[in-house]
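Structural overview for review
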Amino acid sequence: MRFLIGIIFVFFIHNSLHTQVLYLDEITDSICISTYTYIQKEGQNLDMDVYTPNYDNVKDRPVILYVHGGGFYTGIRNDEGALEFCKKIASRGYVAVSISYRLLRKGTKTLLGCDCPVKDKQMALGAVIDDLQDAVRFLVMNKSDFEIDTNNIILCGSSAGAETVLSAVYNPFLYDVSSSPVKYSGVISLAGAIADTSCITKDMAIPSMLFHGSSDNIVPYGTAPHHYCSENSSGYLILNGSESISKKLKELGTPYWFYTINGKDHCVSWTPMSKQFNEIMQFCYDFVLTHDQKQISTNILKE
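First, a word on what this report is: a plain description of the structure on this page.

How each quantity is defined
Residues numbered from 1 in each chain as written. Predicted model: local features only at pLDDT ≥ 70, side-chain atom pairs only at ≥ 80, totals over all residues. Heavy atoms only, no water. Helix = DSSP H or I, 4+ residues; strand = E, 2+ residues; numbered from the N terminus. Rg over C-alpha atoms; globule rule 2.2 N^0.38 Å. Buried < 20%, exposed > 50% of the residue type's maximum accessible area, 1.4 Å probe, protein only. Contact = heavy atoms within 4.5 Å. Areas by Shrake-Rupley, 256 points an atom, 1.4 Å probe, with all protein chains shown as cover. Lys, Arg positive; Asp, Glu negative; His and termini not counted. Charge placed at Lys NZ, Arg CZ, Asp CG, Glu CD. Pairing = 2+ DSSP bridges. Axes fitted to C-alpha atoms, helices over the stretch in contact; angles between N-to-C directions. Salt bridge = Lys/Arg side-chain N within 4 Å of Asp/Glu carboxyl O. Phe/Tyr/Trp six-rings, centres within 6.5 Å; stacked < 30°, edge-to-face > 60°. Polar contact = N/O pair within 3.5 Å; in protein donor to acceptor, adjacent residues only side chain to side chain.

1. So, the overall build of the protein
- The helix and strand inventory of the protein stands at 8 helices and 11 strands.
- At 20 Å, the protein has a C-alpha radius of gyration in line with the 19 Å of a compact globule built from 303 residues.
- Considered along the principal axes of its C-alpha atoms, the protein spans approximately 80 × 45 × 35 Å.
- Taken across its 303 residues, the protein has 54% of its residues classed as buried.
- Of all intrachain contacts in the protein linking residues separated by at least 6 positions in sequence, the fraction that spans at least 24 positions is 74%.
- Summed over all atoms, the accessible surface of the protein reaches about 13500 Å², with 52% contributed by carbon and sulfur.
- On the protein, the mean spot of the 25 positive side-chain charges and the mean spot of the 32 negative ones are 1 Å from each other.

Written out as structure tokens, the structure reads:
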């Protein structure tokens, strides 16, 4: 009797896997989470959580690597939102990774506001880009153990994390950072921006999903000063948000999905992780894995 029940159970799982679309639909609710130290810097262990789907014998899975937000002074890789987001990603068949990184603005008086000198803002961002590249290097070195396809690493970031992943793809030369060990296959930004769009070329551009609230008061939706600081403040720094990046990608003919939530502020740096999760999965499947060449702009009303 026990043997028969085992056969029925395995048969059910096997059939359920074949009725779903891998990397688009949920294939399992059983996720393994493992933690690794990917590097030590300045006496600090920098860790990553790796989320792997169970009941899935597929090798060389694509990776979605998540970088949390927090203004380069706060935030953790495994808060409730990141935990649920990464578990849902892995339930679709991906390997999800969430990393810790150095928070250079932690404990400072000016944090990342208008009194924080531009050079300190750039240094804080550069440190995280460098940590991100080291995390990816760790994944590449251990790709057989993780059973991942390092040619299919999609970056995803929220707020400061979104600035990090966008800058790692489009502006790495502006910061004193190590080079990326791979060319990323896609990037997802939740309320992010970069310093310079003029240097984005056809060769470096990759499929991009750009979420932004039209009334973001911290990271500009278009092109404007970071935090909307006054021109005479030490933290005056022009940034190019999702609208400006999408315009450049449109000129280049690069696939993108620009997703505007009208009337919303910087909360769009985290709300899409739950409210637009299906759209994120659709982007990864259509634009990255199956190489759709569409350019989409979506506008929705304030929720």
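2. Description of the sheet that holds strand E4 (residues 95-99)
- Sheet architecture is open: 9 strands sit in the order E1-E2-E4-E3-E5-E6-E7-E10-E11, paired in mixed fashion. The open sheet has two edge strands, strand E1 (31-41) and strand E11 (295-300), and neither has a second partner. On average, each strand axis in the sheet is inclined to that of its neighbour by 15 degrees, with strand direction left out of account.
- Note that strand E6 (residues 186-190) and strand E7 (residues 208-213) share 4 bridges and pair parallel. When the bridges of E7 are listed, serine 189 appears paired with leucine 210.

3. Examining the pattern of salt bridges
- All told, the structure shown has 14 salt bridges when counted by the stated rule.
- The shortest N-O distance in the salt bridge between aspartate 134 and lysine 41 comes to 2.7 Å. On the criterion of sequence distance, the pair formed by aspartate 134 in helix H3 (residues 118-141) and lysine 41 in strand E1 is long-range, its members being 93 residues apart.
- By relative accessible area, aspartate 134 is classed as buried at 13%.
- Under the relative-accessibility criterion, lysine 41 is labelled buried at 11%.
- The partner of aspartate 292 in a salt bridge is lysine 294, and the shortest N-O contact between them spans 3.6 Å.
- Given a relative accessible area of 25%, aspartate 292 falls into the partly exposed group.
- Taking the relative accessible area as the measure of exposure, lysine 294 reaches 35% and is therefore partly exposed.
- Within the structure, one salt-bridge network assembled from shared partners comprises Lys41, Glu42, Arg102, Asp130, Asp131, Asp134 and Arg137.

4. Regarding the packing of aromatic side chains
- Within the structure shown, the criterion is met by 11 aromatic pairs.
- Residues phenylalanine 85 and phenylalanine 277 carry aromatic rings whose centres are separated by 6.0 Å and whose planes lie at 85 degrees to one another, so their mutual orientation is edge-to-face. Linking phenylalanine 85 in helix H2 (residues 80-91) with phenylalanine 277 in helix H8 (residues 277-289), this pair joins segments that are 192 residues apart in sequence. Each member of the pair, phenylalanine 85 together with phenylalanine 277, is buried.

5. Some thoughts on the environment of threonine 37
- Locating threonine 37 in the fold gives a position in strand E1.
- Each residue touching threonine 37, except ones within four places of it in the same chain, is listed here: Asn45, Leu46, Asp47 and Phe138.
- At a separation of 2.7 Å, a polar atom in the side chain of threonine 37 contacts the side chain of aspartate 47.

Distances and angles like these do not, on their own, reveal function.
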